[in-house]
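Structural overview for review
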Amino acid sequence: MKPLTEQEIRAAFVNCTKGEAKRLSVPRDLAERPWCDLDFFGWRDPQAPDRAYLAAELDGRPVALALRCPSAASWQMRRSMCWMCLTTHTGGVSLMVAAKAGKAGQQGNSVGAYICSDLACPLYVRGRKDAGVGARLHESLTLEEKIQRTVVNLARFIAKVTA
């Protein structure tokens, strides 16, 4: 993924208003992110723990989504698998819900998926971040095939939000 600026990220949101995109919290250390290892850039809002965001490059242009996620609860301490990257975590997977883009979102329609709570899927797939023992199941796929699967799952999620 090519590095994105704060302005590019804010302009790329498809499921919130321009005012909401202007007010949301974007990390200040964008230049220090491992962009070459990212298929998408995801972050949690430190001032609003129930909010998360992700930005990706789709068809050569940036697309960003605003997500809602519940705070951690005791029932979430069971082992769960991320739908996007297939990493398993104990308590590290959250239901991320995105309002649909356009009129459907204004009417309250949304799309959800169970995704790594820290939105570090690309780093887990590449082995750059460790989710613990048994987090990555042994597969016969190559690293490139695992990355491609994650990218396809991401594109499917974005397509559901923008449909």
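Let us look at the structure shown here. The structure presented is a predicted model; accordingly, all values stated were derived computationally and were not measured.

What counts and how
- Residues numbered from 1 in each chain as written.
- Predicted model: local features only at pLDDT ≥ 70, side-chain atom pairs only at ≥ 80, totals over all residues.
- Heavy atoms only, no water.
- Helix = DSSP H or I, 4+ residues; strand = E, 2+ residues; numbered from the N terminus.
- Rg over C-alpha atoms; globule rule 2.2 N^0.38 Å.
- Buried < 20%, exposed > 50% of the residue type's maximum accessible area, 1.4 Å probe, protein only.
- Areas by Shrake-Rupley, 256 points an atom, 1.4 Å probe, with all protein chains shown as cover.
- Lys, Arg positive; Asp, Glu negative; His and termini not counted.
- Charge placed at Lys NZ, Arg CZ, Asp CG, Glu CD.
- Disulfide = S-S within 2.5 Å.
- Contact = heavy atoms within 4.5 Å.
- Expected span 1.5 Å × (residues − 1).
- Core = buried A, V, L, I, M, F, W, Y, C linked by side-chain atoms within 4.5 Å.
- Phe/Tyr/Trp six-rings, centres within 6.5 Å; stacked < 30°, edge-to-face > 60°.

1. Re the overall build of the protein
When you go through the protein residue by residue, the secondary structure sums to five helices and seven strands. When the helices and strands of the protein are listed from N to C terminus, the series reads α-α-β-β-β-β-β-β-α-β-α-α. The globule rule puts the C-alpha radius of gyration for 163 residues at 15 Å, and the 15 Å found for the protein is close to it. Judged by the C-alpha coordinates and their principal axes, the protein covers about 45 × 35 × 30 Å. Residue burial in the protein is summarised as follows: out of 163 residues, 44% are buried. With the model as given, the accessible surface of the protein reaches about 8,900 Å², and the carbon-plus-sulfur share is 53%. Averaged over its 23 positive side-chain charges, the protein has a centre that lies 7 Å from the centre of its 16 negative ones.

2. Describing the state of the cysteines
Scanning the model with the defined rule gives zero disulfides in all. Here Cys-16 is not disulfide-linked; the sulfur of Cys-69 is the nearest cysteine sulfur, at 15 Å. We note that Cys-69 lacks a disulfide partner, and the nearest cysteine sulfur, in Cys-116, lies 13 Å from it.

3. Focus on unusual backbone geometry
Residue Asp-59 is not a glycine yet carries a positive backbone phi of 55°. Position of Asp-59 relative to the elements: it lies in the loop between strand S2 (51-58) and strand S3 (61-68). Within the chain, Leu-119 stands out as a residue other than glycine whose phi angle is a positive 55°. Mapped onto the fold, Leu-119 is located in the loop between strand S7 (110-116) and helix H4 (121-125).

4. Some points on the environment of Glu-144
On the secondary structure map, Glu-144 appears in helix H5 (residues 143-162). As for Glu-144 and Val-125, which are separated by 19 residues in sequence, their C-alpha atoms are 9.6 Å apart.

5. Points about the side chain of Thr-88
Relative to the elements of secondary structure, Thr-88 occurs in strand S5 (residues 88-90). The buried category is assigned to Thr-88, whose relative accessible area is 9%. Not counting residues up to four positions away in its chain, the partners in contact with Thr-88 are Arg-79, Ser-80, Met-81, Ala-131, Gly-134 and Ala-135.

6. Side note on H5
The periodicity of an α-helix, 3.6 residues per turn, causes residues three or four places apart in sequence to face the same way. Here H5 contains 20 residues, and its C-alpha end-to-end distance of 29 Å stays within 8% of the 28 Å for a straight helix at 1.5 Å per residue. Among the residues making up H5, those that are buried are Lys-146, Ile-147, Arg-149, Thr-150, Asn-153, Leu-154, Phe-157, Ile-158 and Val-161.

7. Observations regarding the nonpolar core
Counting 45 residues, the largest nonpolar core has Ile-9, Phe-13 and Leu-67 as its most contacted members. Sorting the residues of this core by element identifies strand S1 (40-44), S2, S3, strand S6 (93-99), S7, H4 and H5 as the ones contributing at least two each. What Phe-13 contacts, discounting residues up to four positions off in sequence, is Ala-21, Leu-24, Trp-43, Tyr-53, Ala-64, Leu-65 and Ala-66.

8. Some points on the packing of aromatic side chains
This model, assessed by the stated rule, comprises five aromatic pairs. Here the aromatic rings of Phe-13 and Tyr-53 are separated by 5.9 Å at their centres, their planes lie at 90°, and the arrangement is edge-to-face. Of this pair, Phe-13 sits in the loop between helix H1 (6-11) and helix H2 (18-23) while Tyr-53 sits in strand S2, and the two are 40 residues apart along the sequence. Each member of the pair, Phe-13 together with Tyr-53, is buried. Ring geometry for Trp-43 versus Tyr-53: centroids 5.4 Å apart, planes at 35°, classification tilted. Within this pair, whereas Trp-43 is found in strand S1, its partner Tyr-53 is found in strand S2, the two being separated by 10 residues in sequence.

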